[in-house]
Every structure is written in structure tokens, then in C-alpha cells.
Amino acid sequence: MPALTWQECINPNCRATYDIGEVLHGCTKCGNLLDVAYDWDRLPVPRSLKEFEARWSTRRNPIDFSGVWRFRELMPFVPEGKIVSIGEGQTQLRPSQRVAEYIGVDPARLFLQYEGMNFSGSFKDNGMTGAFTHAKLVGARRVACASTGNTSASMASFAAGLGGVKAFVFIGSGKIAFGKLSQALDYGAVTIQIDGDFDDAMERVQQVSKQLGIYLMNSVNPFRLEGQKAIMYRVLEGLAWDPPDWILVPGGNLGNSSAFGKAFIELQHLGLIRKVPRVAIINSTGARTLSELVNARGLQWNDGHVDDQAIESYYSYLDAKGIRAVTLASAIEINRPVNLKKALRTLQATGGVVREVTDEEILDAKAQVGAAGIGCEPASAASVAGARKLREEGLIEKDETVVCILTGHQLKDPNAAVNYHSAQGDAFKQAFDKYGVKKARFSNMPIKIENDLDRIIKLVEETG
Ligand code: F0G
């Protein structure tokens, strides 16, 4: 009997397949990315997404509690008994009047999917539970990733929590927000700081993992993306299974956007959704590879027949000019996104678009999310800044249902927030000049005052 699930090359001219138990960073025949594939006709899939609601009453079972595995019939690559979970995905879909007004849409139809509520404070836990499940299946004892911070925090947390697995983190020097670095160190990961940036670290970790047989946890690993599909299942759940018009997501290594597209392609194939939302992927202008390739150079998925030459020629151009990614949204400071082609597939499958926003727009949007009492890290706010841009363009209409993915917690990057709100003069310039940020429109300055009761009372009364 043929397998129910396998790994498959995304290149339609290749379509090579591999056993689910193989550990691969890509297709060994043509070098393209791999998908986890399923024979849906022979797998038990619910007739309606609503059937998943039954799991709310059986939350004592850890895999029903998991915000990923309670949808396990939609990622059935392992038997239930083999699942590795730390209780990831306890997130909320939150409305916000304030953010809706900032974007310019109906407050009843704007939602923020707050992935900062994950155990390690970012959406990465959704993917790690998938990849660690596979890692255990194949008996991995050592795991590694390159990271702008959140992948490493999540991987280190899983490795420490599960025990028996050694974690190796590769980071660029001076490129990682302190909240995230502190997590990797605290959770006991071997943290290797390379003299270079994320793109350099990504290349090295793939070489090292291959050479030493270490299990790679970056999102070239297709099992990561299986878990990240669940973010979309929870968004649908939060909307009583009625798909929104738009999903906005920051684009870095393009794992999330790739996973979201796969989720919708599969849900549509299974007849489980009424319509497919449009996925808008938002780059920072300082790390704009996808935006450049899609919007300026016309790159498309083209049913899998991607123009490799166009990608290579852009990368050669970057190298020739010595252009590196530079954005204050350090999580997405990436110029060679490993999931580029899968993201193109998402754009085709969902009628998606790509936009770029400046670091100043990102910080202003972040301040609005903060002022709404939610907060997020800079990269996450790209989704809100992107929604505002698409609304201004008129592509998003006022009465459409819009979901912005807030990928990481506010506390991941305290420096960005404190500098935005309190730095002045030279300190402001030092923090923001190289990112082109000229002013903080929504800053909330701390007020300095001498230790005198009368003056303090007067000040408090004056400020309302
Ligand atoms: N938002 C946050 C907070 C992230 O940490 C990342 C990626 C992204 C958005 C972009 O997501 O890569 O799926 O397009 N962080 C990776 C890391 C690269 O190493 O933590 P993506």
C-alpha cells in the first residue's frame, strides 16, 4: 500500500518524493524546497471545521490543548502517540478599535492575531512543535538553527523543555534583539555568534548541519511549516470559521506566508472553506527582496515554473553592490529568504500582494498597537503598517474583514520601544538615523521631575 504521507519537491518538473522519515533540507535531485504531502482521499478529515470545536471539552488531553495539534487531522504526518508538544498556540484573535481607526477600517472587522502569547513569545512555537515531532521521530539528538532571534528562542525552549536534545543557535553579530538573545542564553542553547548577518548565519548552519548530521530547525524544514499552518486554523476558529478577506503578515524568511498559503490550498481542496483570504506579505524597505522581485521584476509562481534566473540575477546584483539587509525590524532583516518560492505560491493561490513599509511606518504602527494595550515587536507591526498602506491605496476596502498577524511579543525588543518613546536629540539620531527614522509621531515621553510632593501632585493634575 502506498504511503499516506510523504515529502515532495515543489518543482512541477521534478516532484521527487521522499519518505517521511528522511531528514532533508531540500530536494536532493533538483535542490528545490520540499512539502509534506498527504493522500487526503485516504485520510480521515472532518466534514466541517466546526467539528474541531469538540476538542475544547477535552483540553486535559495535551494534544487537544495544543493550539496546533487540536487540528491534527490537517497535518497528519505522525500517529498521535508520537506528537511532541509544550502546549503551544494558546493565542487570541483580538479586536482593536484604536488600531482599526489607525488603519482606516471598520472596528468590527479588524482583528489582531496575537502570536506573542506563545510560550516563547512568538509564532515560532507553532512550527517548532511540528519540527520537534519530526526530530523525535527520526531520533535526533542535536538540533540547530540560524536566527534573527525568535526561532532560536523557540528552539532553545523546546530543546530545554523536552530534554535529551542539545541546541545550537547561529546568530549574526549585533543583529539580535536583547529579549530574544536572553532567551536562548537562559534556555541553555550553545549560542554561536558569527561575524556576519542572518543570511551568512543561514548559509553556515545549513553547511554545518549537513556535515555533522545535526537536525536543522529552520523553515526549509517542511515540518516547521506544517505546524505554522495552525495559525490560520486558529484565525478561522476565532472568526467562527468564516474566512476573512485579508490576512497581513510580515515577510522575513517567508516561512509563515508559505505555511498560510499551504493551509488555504489544502482547506480549499478539502472543501472546508467558503473562500480563500488574500494574503498580503509585508517587507521592510530595508529588506525588500520579495517586494523587488514580485513588484518590480514581475516574478511569479507561474504554477511552479519559477524564473530561477531572475532570482539569481537579483542576488548577484545585491552582491555586486554590497547591499545587505538593514532594518530596525531585526526579525525580518533578511535579503535571501529561504522560502521565497513557496511564498510566490501563496501569492498565486490567494490572490495575494506584497508591499514594503519604512521603519518609521513600522514604529508608528507598533506604537498604535502598544497604545491599544496589546503591544508587539517591530517586525510584527509591519502587518499593521501594511494594512494602513493597502487601505490608503484602496485595495483593502473599509468594510472588509482584515486580520493582521502580530508575530512576536512586545517584550522581545524593549530597546526599540524605549528609544522610540524617550530618546531625544543625539540619542534619537544614534538609535534611528541608520534606519531612516526621523521622528516618533506617537512617542510617550517619560517626565522627569524633582522629588517634591507638591510639584508631583501639580504635574499629575495637569496631565489629567
Ligand atoms: N515576525 C517575527 C517576530 C519574526 O521573528 C519573524 C522571523 C518574522 C516576522 C518573519 O517570519 O520568516 O516566516 O517570514 N524570524 C526568524 C527568526 C527569521 O530567526 O526568528 P518569516
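Scoring rules and cut-offs
Residues numbered from 1 in each chain as written. Predicted model: local features only at pLDDT ≥ 70, side-chain atom pairs only at ≥ 80, totals over all residues. Heavy atoms only, no water. 1 Å grid on protein atoms, 1.4 Å probe; cavity = no way out; pocket = protein on both sides within 12 Å on 5 of 7 lines; lining within 4 Å. Points joined across faces, edges and corners; volume = space filled by probe spheres on them. Helix = DSSP H or I, 4+ residues; strand = E, 2+ residues; numbered from the N terminus. Nonpolar A, V, L, I, M, F, W, Y, C, P; charged D, E, K, R; others polar. Near = heavy atom within 4 Å. Polar contact = N/O pair within 3.5 Å; in protein donor to acceptor, adjacent residues only side chain to side chain. Areas by Shrake-Rupley, 256 points an atom, 1.4 Å probe, with all protein chains shown as cover. Pairing = 2+ DSSP bridges. Axes fitted to C-alpha atoms, helices over the stretch in contact; angles between N-to-C directions. Contact = heavy atoms within 4.5 Å. Parallel < 35°, antiparallel > 145°, perpendicular 65-115°, else oblique.

*Asks:* Run through empty space enclosed by the protein, naming residues and quoting values.
*Replies:* Counted according to the given criterion, the structure contains 5 cavities of 30 Å³ or more. Its boundaries defined by the atoms lining it, the largest cavity holds a volume of some 310 Å³. What lines the largest cavity is a set of 27 residues, and nearest its centre among them are Phe123, Lys124, Gly252, Asn253 and Ala331. Counting only elements with at least two residues in the lining of the largest cavity, the list comes to β6 (142-147), α4 (150-162), α7 (222-238) and α8 (255-269). Broken down by element, the residue count for the lining of the largest cavity peaks at 3 residues, all from α8. Its residues assigned to classes, the lining of the largest cavity shows 9 nonpolar, 15 polar and 3 charged. Its volume calculated, the second largest cavity comes out at about 60 Å³. Looking at the second largest cavity, the residues that line it are Gln7, Glu22, Val23, Leu24, His25, His134, Tyr215, Leu216, Asn221, Pro222 and Phe223. Elements that contribute at least two residues to the lining of the second largest cavity include exactly β9 (215-216) and α7. When grouped by side-chain class, the residues that make up the lining of the second largest cavity number 6 nonpolar, 4 polar and 1 charged.

*Asks:* Describe in detail the site of the ligand, supporting the description with residues and values.
*Replies:* Neighbouring the ligand are 21 residues; Ser147, Thr151, Asn253, Leu254 and Thr407 lie closest to it. For the ligand, an oxygen atom lies 2.7 Å from a polar atom in the backbone of threonine 151. A distance of 2.7 Å is found between an oxygen atom of the ligand and a backbone nitrogen or oxygen belonging to asparagine 253. Starting from 470 Å² of accessible surface for the ligand in isolation, the protein chains cover 99%. The set of elements that each furnish at least two residues to the shell around the ligand consists of α4 and α8. The class makeup of the residues in the shell around the ligand is 7 nonpolar, 12 polar and 2 charged.

*Asks:* Quick rundown of the sheet that holds β6? Include the residues and the values.
*Replies:* Spatially, 4 strands are ordered β8-β7-β6-β9 in an open sheet, and the strand pairing comes out parallel. The open sheet has two free edges, formed respectively by β8 (190-194) and β9, since each of these has just one partner strand. Sheet topology note: the strand β7 (residues 166-172)/β8 ladder contains 5 bridges and is parallel. Looking across to β8, one finds that valine 169 is bridged to threonine 191.

*Asks:* Summarise the sheet that holds strand β5 (residues 110-114); cite the residues concerned and give the values.
*Replies:* Ordered by their spatial adjacency, 6 strands build an open sheet running β4-β5-β13-β10-β11-β12, and the pairing between neighbours is mixed. Only two strands of the sheet have a single partner each, and these edge strands are β4 (92-95) and β12 (353-357). Within this sheet the neighbouring strands show an average axis-to-axis angle of 25°, counted without direction. Two strands pair when backbone bridges link them, and strand β10 (residues 246-250) and strand β11 (residues 278-284) are joined in this way by 5 bridges, in the parallel orientation. Bridge pairing in β11 links leucine 248 to alanine 280. Where α8 meets the sheet, its contacts fall on β10, β11 and β13 (402-406), and the angle it forms with β10 comes to roughly 155°. On the sheet, helix α13 (residues 378-393) packs against β5, β10, β11, β12 and β13 and is oriented at approximately 135° with respect to β10.

*Asks:* Explain the packing of helix α12 (residues 359-371) against α13 to me, and be specific about the residues and the numbers.
*Replies:* Packing of α12 against α13 brings their axes to within 7 Å, and their N-to-C directions diverge by 100°. Here α12 lies roughly perpendicular to α13, going by the angle between them. Contact with α12, carried on its side by Glu361, Ile362, Ala365, Lys366 and Val369, involves Pro378, Ala381, Ala382, Val384, Ala385 and Lys389 of α13 and no other residues of that element. Taken together, the residues that form the contact of α12 with α13 break down as 8 nonpolar, no polar and 3 charged.

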